[in-house]
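An overview of the molecular structure
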Amino acid sequence: MSEKSFSEEQQDQLLFMMLVQQNEQIALMGLGKEKNPASDKLEKDLKTAKFAIDTLRMLEKYTANNIDKDLKEYLNRTLSNLRISYAEEAK
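I will try to describe carefully the structure that is included in this document. (Residues numbered from 1 in each chain as written. Predicted model: local features only at pLDDT ≥ 70, side-chain atom pairs only at ≥ 80, totals over all residues. Heavy atoms only, no water.)

**Focus: the overall build of the protein**
Condition: Counting from the N terminus, the helices are DSSP H or I runs at least four residues long and the strands are E runs at least two residues long. Here, two residues are considered to be in contact whenever any of their heavy atoms come within 4.5 Å of each other. Counted as positive: Lys and Arg. Counted as negative: Asp and Glu, with His and the chain ends omitted from the count. The location of each charge is read from NZ of Lys, CZ of Arg, CG of Asp or CD of Glu.
Broken down by element type, the protein carries three helices and two strands. Mapped from its N terminus to its C terminus, the protein presents α and β elements in the order α-β-β-α-α. Counting only contacts in the protein whose residues sit at least 6 apart along the sequence, the fraction spanning at least 24 positions is 57%. Looking at charge distribution, the protein has the averaged site of its 14 positive side-chain charges lying 8 Å from that of its 16 negative ones.

Spelled out as structure tokens, the structure:
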């Protein structure tokens, strides 16, 4: 079997998406929406969720004119969903 090789641009896009997904997972765990893999329990920690959301907001700010439309939409959609969930949990 041969390995599929990606261009440098494709690798960068994949890494960007992975970074967004990592912070999304951290936020979802902090919101109590996903289990913490270390404890296998739902644990709410809004401070951690906010930090992950703020990290994605900063990423959005600093990449505003440097990423393609699909990645921008992916990041925006992820941020919107997390902000709504955060607002619901912070009530």
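**Concerning helix α3 (residues 69-90)**
How we decide: By definition here, a helix of n residues has an expected span of 1.5 Å times n minus one. Residue burial is assigned from relative accessible area. The probe radius is 1.4 Å, only protein chains are included, and a residue is buried under 20% of its type maximum, exposed over 50%, and partly exposed in between. Each C-beta atom gives one direction from the helix axis, and the arc is the one those directions make.
End to end, α3 covers 31 Å across 22 residues, agreeing with the expected 32 Å (1.5 Å per residue, within 8%). Of all the positions in α3, only Leu71, Tyr74, Leu75, Thr78, Leu79, Leu82 and Ser85 are classed as buried. Buried residues of α3 fall within an arc of 135° about the axis and therefore sit on the same side. Looking at the buried residues of α3, the elements they touch are α1 (8-30), β1 (31-36) and α2 (46-62).

**Description of the nonpolar core**
Applicable threshold: Put simply, buried Ala, Val, Leu, Ile, Met, Phe, Trp, Tyr and Cys residues joined by side-chain atoms within 4.5 Å make one nonpolar core.
Residues Phe16, Val20, Leu56, Leu75 and Leu82 are the most contacted members of the largest nonpolar core, which totals 16 residues. Elements with a contribution of two residues or more to this core: α1, α2 and α3. Every residue in contact with Phe16, bar those within four places of it in the chain, is listed here: Leu59, Thr63, Ile67, Leu71 and Leu75.

**With respect to the packing of α2 against α3**
Put simply, the test is: Note on definitions: angles span 0 to 180 degrees between N-to-C directions of axes, and those axes are lines fitted to C-alpha atoms, for helices only across the stretch in contact. Relative orientations are named as follows: roughly parallel for angles under 35 degrees, roughly antiparallel for angles over 145 degrees, roughly perpendicular for angles from 65 to 115 degrees, and oblique for any other angle. Here is the rule for handedness: rotate from the far helix to the near one, and if that takes an anticlockwise turn smaller than a right angle the crossing is left-handed, while a clockwise turn gives right-handed. When residue character is reported, Ala, Val, Leu, Ile, Met, Phe, Trp, Tyr, Cys and Pro are called nonpolar, Asp, Glu, Lys and Arg charged, and the others, Gly included, polar.
Where α2 contacts α3, the two axes come as close as 10 Å, and the packing angle between them is 155°. When the axes of α2 and α3 are compared, the pair comes out roughly antiparallel. Considering only the axes of α2 and α3, their crossing is left-handed. In this structure, α2 contributes Leu46, Ala49, Lys50, Ile53, Leu56, Arg57, Leu59 and Glu60 to the contact, and α3 contributes Leu75, Asn76, Thr78, Leu79, Leu82, Arg83, Tyr86, Glu89 and Ala90. Residue composition of the contact of α2 with α3, grouped by class: 10 nonpolar, two polar and five charged.

**A look at the environment of Leu79**
Tracing the backbone shows Leu79 in helix α3. What makes Leu79 buried here is its relative accessible area of 0%. Along the primary structure Leu79 and Arg57 are separated by 22 residues, whereas in three dimensions their C-alpha atoms are 7.3 Å apart.

In short, shape yes, function no, at least from these values alone.
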